[in-house]
Every structure is written in structure tokens, then in C-alpha cells.
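Here is what each chain is made of, one letter per residue.
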Amino acid sequence: MAQKIPATVVTGFLGAGKTSLIRHMIENANGRRLAFIINEFGDLGVDRELITGCGIEGCEDDDVVELTNGCICCTVADDFLPTIAALLDRANPPDHIVIETSGLALPKPLIKAFGWPEVRTRATVDGVIAVVDVAAVAAGLFATDPAAVDAQRAADPNLDHESPLEELFEEQLGSADVVVLNKTDLVDESTLARVKAEMAPHLRPAVRIVTSVSGALDPAVLLGLDLAAEDDLDTRPSHHDDGHEHDHDDFASIVVDLGEIADPAALEARIKQVATRHDILRVKGFVAVPDKAMRLIVQGVGDRVQRYFDRPWEAGEARTSRLVVIGQTGFDAEAVTAELRA
């Protein structure tokens, strides 16, 4: 029987650093043929562009497939299964498949899909990697207010007290074989220890925890785990094991077109103000700067913003600025758009 092709599932909340981790894998593939399935929430595909535009030898556009029709956990049958089947059917299939889920996706339905007959005999889940933004956890992004929860419980013990963010975080940790504590340069040792303690109740036994800055880890730490996670579903708890349907009604996204931006620093300041004022979770996209041959990448997690030039604008490519903004449902899209364009 032919050997199954291993697949690694990379999960983690919006802005945790999944794409940076994958880029580092590509830079250190050492001849291993990798293929990538990239899933995004929102109408502007940024992560695939960041990978295919990396200029790294051996990273071909055909090896990076983007799924943009919603979170992969909700579109397994329609989108994921045909996509992975196409990779497996190649005359020269990849040595390893890496799947980056949307930051709002649940890992378990994707792992379960590897038990489907058309996939099971040909591919296996080598392992599940959960990437964690330690600064965001330390700042309480995923935590509920214990006092408020106790008050609600006293009033109505049947209430579901977990926030959508907290539930997602627990789901991603609960399915993980390896947890990558990323962005450790943003916290001190005592804060890192506190984050580890907060995560501990949600981790399965023997889960490996590693730390990183900008996802810079040896791929040997993440690939080749040989865990066949699809055969181990019962040990990976989910809030939806009882059949409760998962949806993304708690989150919304918009795309803001800006044209050329003469002052990137001013745009960064506006993004920080918008994130704080409207409780925005994630901002990312591409910016055209007059008289600059390079495309500017802007990435925001809450009020933390990073910007850097990644590659030259291609001949015939429209020099325009577009940002995808993701927040919890109900944020004022008109006000956010107006403030970013101010």
C-alpha cells in the first residue's frame, strides 16, 4: 500500500502568526516538497499573497491553494475535500501538505474530514499546531469577566457564559498536539508563565509547548510528528460534540479601499485609533505608497500594527490600497471606513 501523505493543520486565532510560521517553513524546507492550503475569513485574500510573494526558491504559486468561501470548518465537503483530492491526484504529489485554517475556524471538523473514504487511504493528519499570540492572551482578549459571569449565573444558571473568542481559543487549544507560544518578545518571563498557566486546563496530556518570535521555528519541531490525529478524535474536546452547529455570526468583516497612501505612519495611527475605538480584532492588507516601487504590507492585531515592504509591484498590477477589517458582529462599518479614509 502506498504511504500516506502527511498533512499538518495550523490553527490559531486572528493575527497569532500562522502565516509567519508557514513562511519560515518554506524558507527552511531543505528540499522537501510542501503544498499549502490557505483559508481566510473575509473577502480579501492576504495570507496567500504573503506566501506566494515571498520570493523563496521552491515556493511555486501552484503549491499554494486559497480557500475563500468561508471558514474551512464549515465548508469541508464543498471546498476542502476537492482541494486536497486535487493535490493528492497530482502526477508529482507533495511530500507534505500544510493547512492554515482561518483564525475563526474550528480544527476538529477538518481533522475529522481525514477519515472520509476518499482521503483516509491517501493522507493522514501528521499533527495539529496551535499558534498563540501570547501578548493577546496576556491582555485578556480571550478571558471573560469572572464577576460578570458569576452575576449572570446567579440570575440564570442556564446561560452560556463563554464568549465567542473564549470558545474559539479553547477549541483550538483542545485540538492541538503542539502549541506555539508566538510573539514572546512582547512579554516578560512572568507574563509568559501566567499565559502558560491560563492555557494549561485546556490542553490535552503530553501536548508539547514551544516558544517563538515571528514563528521562527525549525520545521523539524512541527513536521514529521506521525500522530494520525484523525484516529484520535475522542481525546480532542469540542463545544460542538453535542451536535450544536458552529457558525460565524458573531464575527464580521469589511474591505476598505483607500487608493495610494502618501503617509503610511498616519495610516498606522488611524488603524490604532479605529481598533481601540471600535474594538476591532484584525486589520491586514496591501498599501500603495507614491514613488515607492515596493508594496507595503500592513498587519494589525488590536492596536498593535506592523508594516513592511514585501515585493515590487508587478507590471500591470493595480497600485491600490486595500485593507480587510475583522471584528465582532455589530461594529460600525461605516464609521470604521470613514475613519480609515480620513
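Predicted, not measured: the structure shown is a model, and the values here were computed from it.

Undergrad: Outline the overall build of the chain, supporting the account with residue identities and numerical values.
TA: Check the secondary structure of the chain and you find 12 helices and 12 strands. Expressed as a percentage of the 342 residues in the chain, the buried residues total 53%. If you take every contact in the chain between residues at least 6 apart in sequence, the share linking residues at least 24 apart comes to 79%. Carbon together with sulfur atoms contributes 48% to the accessible area of the chain, which is approximately 15200 Å² in total.

Undergrad: Describe the pattern of salt bridges, with residues and values.
TA: Under the criterion given, the structure shown has 17 salt bridges. Ionic pairing is found between Asp232 and Arg204, a salt bridge with its closest N-O pair at 3.2 Å. A residue pair is termed long-range when its members are at least 10 positions apart, and Asp232 in the loop between α10 (219-222) and β8 (251-257) and Arg204 in the loop between α9 (189-199) and β7 (208-211) qualify at 28 residues. You can call Asp232 partly exposed: its relative accessible area is 24%. A residue is classified by how much of its surface remains accessible, and Arg204, at 13% relative accessible area, is buried.

Undergrad: Which residues make up the packing of aromatic side chains, and what values do they have?
TA: Evaluated as defined, the whole model comprises two aromatic pairs. An angle of 90 degrees between the planes, with centres 5.1 Å apart, marks the rings of Phe13 and Phe142 as edge-to-face. Highlighted residues: Phe13 in the loop between β1 (5-11) and α1 (18-27) and Phe142 in the loop between α6 (134-138) and α7 (146-155), separated in sequence by 129 residues. Side by side, Phe13 and Phe142 carry an identical accessibility label, which is buried. Taking 4.3 Å as the distance between ring centres and 10 degrees as the angle between the ring planes, the aromatic pair formed by Phe142 and Phe169 counts as stacked. Of this pair, Phe142 sits in the loop between α6 and α7 while Phe169 sits in helix α8 (residues 164-174), and the two are 27 residues apart along the sequence. These aromatic residues form a ring-pair network of at least three members: Phe13, Phe142 and Phe169.

Undergrad: Talk me through the pairing of β1; I want residue IDs and the actual numbers.
TA: Summarising burial for β1: seven of the seven residues are buried, a large majority. Burial along β1 is two-sided: the face carrying Ile5, Ala7, Val9 and Thr11 and the face carrying Pro6, Thr8 and Val10 are both buried. Pairing analysis gives seven bridges linking β1 to strand β5 (residues 123-133), with the strands arranged parallel. The partner of Thr8 across the bridge, within β5, is Gly127. Relative to strand β4 (residues 96-100), β1 is paired through four bridges, and the arrangement is parallel. In the sheet register, Thr8 faces β4, and the bridge partner there is Val98.

Undergrad: So, the environment of Ser212: which residues are in play, and what are the values?
TA: Relative to the elements of secondary structure, Ser212 occurs in the loop between β7 and α10. Take Ser212: its relative accessible area is 4%, and that puts it in the buried class. Taking C-alpha positions, Ser212 is 9.2 Å from Leu21, a pair spaced 191 residues apart along the chain. Beyond its immediate sequence surroundings of up to four residues, Ser212 is in contact with Val180, Leu181, Asn182, Lys183, Thr184 and Leu217.

Undergrad: Break down the nonpolar core for me, with residues and values.
TA: Counting 28 residues, the largest nonpolar core has Phe13, Val132, Val179 and Met199 as its most contacted members. Among the nonpolar cores identified, the runner-up in size contains 22 residues, and Leu81, Leu88, Ile97 and Val128 belong to it.

Conventions we followed
Residues numbered from 1 in each chain as written. Predicted model: local features only at pLDDT ≥ 70, side-chain atom pairs only at ≥ 80, totals over all residues. Heavy atoms only, no water. Helix = DSSP H or I, 4+ residues; strand = E, 2+ residues; numbered from the N terminus. Buried < 20%, exposed > 50% of the residue type's maximum accessible area, 1.4 Å probe, protein only. Contact = heavy atoms within 4.5 Å. Areas by Shrake-Rupley, 256 points an atom, 1.4 Å probe, with all protein chains shown as cover. Salt bridge = Lys/Arg side-chain N within 4 Å of Asp/Glu carboxyl O. Phe/Tyr/Trp six-rings, centres within 6.5 Å; stacked < 30°, edge-to-face > 60°. Pairing = 2+ DSSP bridges. Core = buried A, V, L, I, M, F, W, Y, C linked by side-chain atoms within 4.5 Å.

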